[in-house]
Every structure is written in structure tokens, then in C-alpha cells.
Amino acid sequence: NAGVTQTPKFRILKIGQSMTLQCTQDMNHNYMYWYRQDPGMGLKLIYYSVGAGITDKGEVPNGYNVSRSTTEDFPLRLELAAPSQTSVYFCASSYSASWGAGSTDTQYFGPGTRLTVL
Amino acid sequence: KNEVEQSPQNLTAQEGEFITINCSYSVGISALHWLQQHPGGGIVSLFMLSSGKKKHGRLIATINIQEKHSSLHITASHPRDSAVYICAVGLSLGETSGSRLTFGEGTQLTVNP
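Parameters at a glance
- Residues numbered from 1 in each chain as written.
- Chains lettered and ligands numbered in written order.
- Predicted model: local features only at pLDDT ≥ 70, side-chain atom pairs only at ≥ 80, totals over all residues.
- Heavy atoms only, no water.
- Disulfide = S-S within 2.5 Å.
- Helix = DSSP H or I, 4+ residues; strand = E, 2+ residues; numbered from the N terminus.
- Pairing = 2+ DSSP bridges.
- Axes fitted to C-alpha atoms, helices over the stretch in contact; angles between N-to-C directions.
- Phe/Tyr/Trp six-rings, centres within 6.5 Å; stacked < 30°, edge-to-face > 60°.
- Buried < 20%, exposed > 50% of the residue type's maximum accessible area, 1.4 Å probe, protein only.
- Lys NZ or Arg CZ within 6 Å of the ring centre and 35° of its normal.

### With respect to the state of the cysteines
Residue and element names in this part refer to chain A.
- Tallied over the full model, the rule gives two disulfides over all chains.
- Note that C23 is cross-linked by a disulfide to C91, the S-S spacing being 1.8 Å. With the S-S bond torsion at -70 degrees, the cross-link from C23 to C91 turns out left-handed. Here C23 is found in strand β3 (residues 19-25), whereas its partner C91 is found in strand β9 (residues 87-94), with 68 residues between them in sequence.

### So, the sheet that holds strand β1 (residues 4-7) of chain A
Residue and element names in this part refer to chain A.
- What the four strands build is an open sheet, ordered β1-β3-β8-β7; its pairing is antiparallel. Lying at the two open borders of the sheet, with one neighbouring strand each, are β1 and β7 (64-66). Taking each pair of neighbouring strands and ignoring which way they run, the sheet shows an average axis angle of 20 degrees.
- By the bridge criterion, three bridges tie β7 to strand β8 (residues 76-78) in an arrangement that is antiparallel. The residue bridging V66 from the neighbouring strand is L76, located in β8.

### A closer look at the packing of aromatic side chains
- A complete count under the given rule lists four aromatic pairs over all chains for this structure.
- The interplanar angle of 20 degrees and the centroid separation of 6.1 Å between the aromatic rings of Y33 of chain A and Y35 of chain A together place this pair among those described as stacked.
- What makes Y33 of chain A buried here is its relative accessible area of 0%.
- Taken together, a centroid distance of 5.1 Å and an interplanar angle of 80 degrees make the contact between Y35 of chain A and F103 of chain B edge-to-face. Taken together, the positions of Y35 of chain A in strand β4 (residues 31-37) and F103 of chain B in strand β10 (residues 99-103) put the pair across two chains.
- Following the ring pairs from residue to residue traces out a cluster consisting of Y33, Y35 and F109 of chain A together with F103 of chain B.
- One cation-aromatic arrangement involves R68 of chain A over F74 of chain A; the distance from NZ or CZ to the ring centre is 6.0 Å.

Bear in mind that shape data such as this cannot, by itself, settle questions of function.
This is how it looks when you write it as C-alpha cells:
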């Protein structure tokens, strides 16, 4: 199994450009997540999905959109890139909700995408 | 004040030393995670626990629910343990709002040979 894969690994965007960060998992996990990690800060949840066709906002959803048409794929869309979106983006997946009461599940992370908006 | 506080922020140790990284949180949680972020950026989940203690090799994680505190211990530390260690807690947002993971800022551990 490849686990969680993300593309691209690096990207430089100009202000106002759009792009899609791809995320795929081959573990048949129900839950998928997008995080951003800024220097010196903890990971922040952008969006998450509990299954195909179902998505919900996390802590910092503004400026982003997601879709979940299949169990495997969870792309993150930036419509109008801004310098504040310069960050490292991580996709993760888990079989069930890692925060749920009594849950014993863990999250598996992709390698990350380093995005710079100039 | 952050909901999740880690200490220390940076830690330098000599090979073989016993390492302790602390995590305190301010609200009731359903689960606590310890993660390791390698120098190359990859993140790996080490432990998830909601009570007591877990051990995996030289790593031990404990949690005290009453004191809202968790510790990650590394015995016989090695330079390959050098990484950022991240604590994350599962927080309820309320009955109709679900819940989310909140991450600490991480502890940068450097183990010198």
C-alpha cells in the first residue's frame, strides 16, 4: 500500500492564481483531513470529510474548497491564492474519527505540499 | 492561551539520556495523540491514548485525565530520535458541532551523539 499520497510536493503560485492540491489514500479510510502548518504554529484543520459526498469545515476554511467524490480522493482547491496561504499542507486519513470518544484509531499523514504564494 | 500547551519548546540532550516532553490541555478531551515529525517534514502517529499508559519500544506515553496532562518519555535516547514531537487532543465542539483535533506547537528535540 502507498498509504496517503499528495501532489505536488512543491508549488509556487502568484497572487490570484488557483490550484488544486491532490490527496489520495489506498487504505479504504472513511475519514480524510486537510491541515496547514505554519512556521512555529500547530497544525490547523482546514476541512475534513467523513465519507464520499460529505465534507465539513475545520478551523481555517476561508479561501479553500474541497470535494469528496470517491473514498480514495480528497482534493483541496485554492481559488484565489493569497500570501497568507503560504504554508505546508498535509492531507491525512483515518478509518474512523480520531477524536471520537473511545476511538482507538490513528491518523495517517501524507508527505505534505509546500506552497508559496508570491 | 492555547488549548494545548507543550513544554519545552526546544530540548537538546546527549545520547543515552532519558527524555520527557510534556503536554497540558485546558478542556475535556476524548483522546490524545502524540505524533513525530521528521526533519524532512513527514508526520507519523506514535500513540493515541485516552487513559493510563502506552509503551512502544523506547517510547512511553502517559496521560492523567484529572490533571489534564500527558507526557511522552524516550528512554536511552539516540540521535535518530531527533525530530519535532507534537501533542494533539480531540476536543468536542458541542452536541451539534462535532469535534476536532487541536495540535500543540511541537517540541523540537535534538539528541547529540
